[in-house]
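Spelled out from the first residue to the last, the chains are:
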Amino acid sequence: GTGKTHLSIAIAYEALRQGVEARYVRLPEVATAVFAAKERTTIVEILKDITKTPVVVIDDVGTDQLNRPTARLLYQIVSERRRNRVPTILNTDRTPAAWSTQVGDRELIRRIVDTVLGGGHLISLGGVLPPSRTQIMAAVGRQGVDAASSGRSRHSLEIVLDILGNDARQRD
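Worth saying up front: this structure is predicted, and the values here are computed from it rather than measured. (Residues numbered from 1 in each chain as written. Predicted model: local features only at pLDDT ≥ 70, side-chain atom pairs only at ≥ 80, totals over all residues. Heavy atoms only, no water.)

A. Focus on the overall build of the protein chain. Per the secondary structure count, the protein chain includes seven helices and five strands. Along the protein chain, helices and strands appear, N-terminal first, in the series α-β-α-α-β-α-β-α-α-β-α-β. Each of the 172 residues in the protein chain was classed as buried or not, and the buried ones make up 47%. Put simply, 81% of the contacts in the protein chain that link residues at least 6 apart link residues at least 24 apart. Only carbon and sulfur atoms are counted for the fraction: they give 50% of the accessible area of the protein chain, which is about 8800 Å². (Helix = DSSP H or I, 4+ residues; strand = E, 2+ residues; numbered from the N terminus. Buried < 20%, exposed > 50% of the residue type's maximum accessible area, 1.4 Å probe, protein only. Contact = heavy atoms within 4.5 Å. Areas by Shrake-Rupley, 256 points an atom, 1.4 Å probe, with all protein chains shown as cover.)

This is the structure we're talking about:
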């Protein structure tokens, strides 16, 4: 497609080159590992690794496998990463409105988007300007999901880059 994964891996590689730990994961694979884990300690270790790593790329958010349990897992991950004040890159080729329709839980999707965009930036690689945070929240918030499919939000959340204004190395 548009180079989302390529750009995200390049950012993670640059972090590694500068001595900052970075990790690339695909959301469907993380969800499969967590939901297949038989022991709670395995789940805790998987989530700890993802939530504590200084820079994480989460790819394939919003694929066909996105369902309510996976969306809850994503919310848990982005919330914990936000609390830990570590940057996260989310890649998707779908709008939050599409996530909401797919998952069937607008409030959960609104919380995910609000958590990520609270200190983040949208980067659109599809040549279409990303919507403002207000437009996204309106689209997945109480006003319904139809607003997200109008106008310039067609490729709105291709990459969400959560930058908290601190160098990742300063958190160690």
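B. Just the environment of Thr63, in detail. Mapping Thr63 onto the fold places it in the loop between strand E2 (55–59) and helix H4 (68–84). Under the relative-accessibility criterion, Thr63 is labelled buried at 18%. Residue contacts for Thr63: discarding those within four places in its chain leaves Pro28, Arg94 and Gln102.

C. Looking closely at helix H1 (residues 4–17). With 14 residues, H1 extends 20 Å from end C-alpha to end C-alpha; this agrees with the ideal 20 Å at 1.5 Å per step. Just beyond H1, the residue with positive phi is Gly19, at close to 85°. (Expected span 1.5 Å × (residues − 1).)

D. Structural detail: the packing of helix H5 (residues 96–103) against helix H6 (residues 106–117). For the pair H5 and H6, interaxial distance at closest approach is 8 Å and the crossing angle is 145°. Judged by the sense of rotation from one axis to the other, the crossing of H5 with H6 is right-handed. Counted together, Pro96, Trp99, Ser100 and Val103 of H5 and Arg106, Leu108, Ile109, Ile112 and Val113 of H6 form the full contact between these two elements. A per-class count over the contact of H5 with H6 returns seven nonpolar, one polar and one charged. (Axes fitted to C-alpha atoms, helices over the stretch in contact; angles between N-to-C directions. Left-handed = near helix turned anticlockwise from the far one by under 90°. Nonpolar A, V, L, I, M, F, W, Y, C, P; charged D, E, K, R; others polar.)

E. Molecular detail of the nonpolar core. Residues Ile58, Leu74 and Ile112 are the most contacted members of the largest nonpolar core, which totals 26 residues. Going through the elements one at a time, helix H2 (27–36), helix H3 (40–52), E2, H4, H5 and H6 are the ones with two or more residues in this core. With six residues, the single largest contributor to this core is H6. Dropping the residues within four chain positions of it, Ile112 is found in contact with Ala71, Leu74, Tyr75, Val78 and Trp99. (Core = buried A, V, L, I, M, F, W, Y, C linked by side-chain atoms within 4.5 Å.)

F. Layout of the packing of aromatic side chains. One pass over the structure, following the stated rule, counts zero aromatic pairs. The ring of Tyr75 has Arg111 lying over it, and the distance from NZ or CZ to the ring centre is 4.9 Å. (Phe/Tyr/Trp six-rings, centres within 6.5 Å; stacked < 30°, edge-to-face > 60°. Lys NZ or Arg CZ within 6 Å of the ring centre and 35° of its normal.)

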